[in-house]
Amino acid sequence: MPTVLITGASRGLGLEFARQYLEEGWRVFATCRQPKLAVELQQLKGDIEIYPMDIANLDQVKELAHRIEQPLDVLINNVGKSGPFDGRSTFGQLDQETFVDLFNVNAFAPMKVTEAFLEHIKKSQGKTIVFISSRAGSIAERGT
């Protein structure tokens, strides 16, 4: 049975990926920051395991990588963080701390997730790593 790990699976694209992979008979490892609040994800039927994981928490990422012992055919780095939508994102008023946090979640953390699960991918048949974002990762959505 093929396997997939999906980050940010509580809503949006991640939830839909989980739903579709389950419909195709895959084993799904779904992650999100607060699984208890992920009602739609909890209601999905099939071979699914849901884990708490904040991709910005590197200890949590490494812990899950040690906990999941089987190969992963597909790793979908789906998490994205957006904002701010106020003056702090306007050239001349950029807030450095805010943008460092955005860069960490949208760029650095997905690379660390990939590093943590790379051996899982190498041992699989599929060997696929995906980086995807919705409008949350769009720089066009930032200020003026």
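No experiment lies behind these values; they were computed from the predicted model shown. (Residues numbered from 1 in each chain as written. Predicted model: local features only at pLDDT ≥ 70, side-chain atom pairs only at ≥ 80, totals over all residues. Heavy atoms only, no water.)

1. Brief notes about the overall build of the protein chain
Link 1 in the chain: On a plain count of helices and strands, the protein chain comes out with 4 helices and 5 strands.
Link 2 in the chain: Along its sequence from the N terminus, the protein chain presents helices and strands in the succession β-α-β-α-β-α-β-α-β.
Link 3 in the chain: A compact globule built from 144 residues should have a C-alpha radius of gyration of about 15 Å, and the protein chain, at 16 Å, falls within 12% of that.
Link 4 in the chain: Expressed along its principal axes, the backbone C-alpha trace of the protein chain runs to roughly 50 × 30 × 25 Å.
Link 5 in the chain: Sorting the 144 residues of the protein chain into buried and exposed places 38% on the buried side.
Link 6 in the chain: Partitioning the contacts of the protein chain with sequence separation of at least 6, the portion at a separation of at least 24 is 61%.
Link 7 in the chain: A gap of 1 Å separates the mean positions of the 16 positive and 18 negative side-chain charges of the protein chain. (Helix = DSSP H or I, 4+ residues; strand = E, 2+ residues; numbered from the N terminus. Rg over C-alpha atoms; globule rule 2.2 N^0.38 Å. Buried < 20%, exposed > 50% of the residue type's maximum accessible area, 1.4 Å probe, protein only. Contact = heavy atoms within 4.5 Å. Lys, Arg positive; Asp, Glu negative; His and termini not counted. Charge placed at Lys NZ, Arg CZ, Asp CG, Glu CD.)

2. Topic: the nonpolar core
Link 1 in the chain: The biggest cluster of nonpolar side chains holds 17 residues, and the ones touching the most others in it are V4, I6, Y21, V28, L41, L44 and I48.
Link 2 in the chain: Put simply, the parts of the chain that give this core at least two residues each are β1 (3–6), α1 (12–23), β2 (27–32) and β4 (74–77).
Link 3 in the chain: With 4 residues, the single largest contributor to this core is α1.
Link 4 in the chain: Excluding residues that lie within four positions of it along the chain, I6 makes contacts with G14, F17, A18, Y21, V28, F29, A30, T31 and I76.
Link 5 in the chain: A65, V105, V113 and F117 belong to the second largest nonpolar core, which has 16 residues in total. (Core = buried A, V, L, I, M, F, W, Y, C linked by side-chain atoms within 4.5 Å.)

3. Quick notes on the pattern of salt bridges
Link 1 in the chain: Tallying each qualifying case throughout the model produces 6 salt bridges.
Link 2 in the chain: Residue R27 pairs with E49 through a salt bridge whose shortest N-O separation is 2.1 Å. Taken together, the positions of R27 in strand β2 and E49 in strand β3 (residues 48–52) put the pair 22 residues apart, joining distant regions of the chain.
Link 3 in the chain: Close ionic contact of K112 with E115 constitutes a salt bridge, the shortest N to O distance being 2.7 Å. Residue K112 and its partner E115 are both found in helix α4 (residues 96–122); the two are separated by 3 residues, about one turn of the helix.
Link 4 in the chain: Through salt bridges with shared partners, a single network forms among R27, D47 and E49. (Salt bridge = Lys/Arg side-chain N within 4 Å of Asp/Glu carboxyl O.)

4. Let's talk about the side chain of T98
Link 1 in the chain: Mapped onto the elements, T98 comes out in helix α4.
Link 2 in the chain: The exposure class of T98 is buried, given its relative accessible area of 17%.
Link 3 in the chain: When near neighbours in sequence (up to four residues on either side) are disregarded, T98 contacts P84 and R88.

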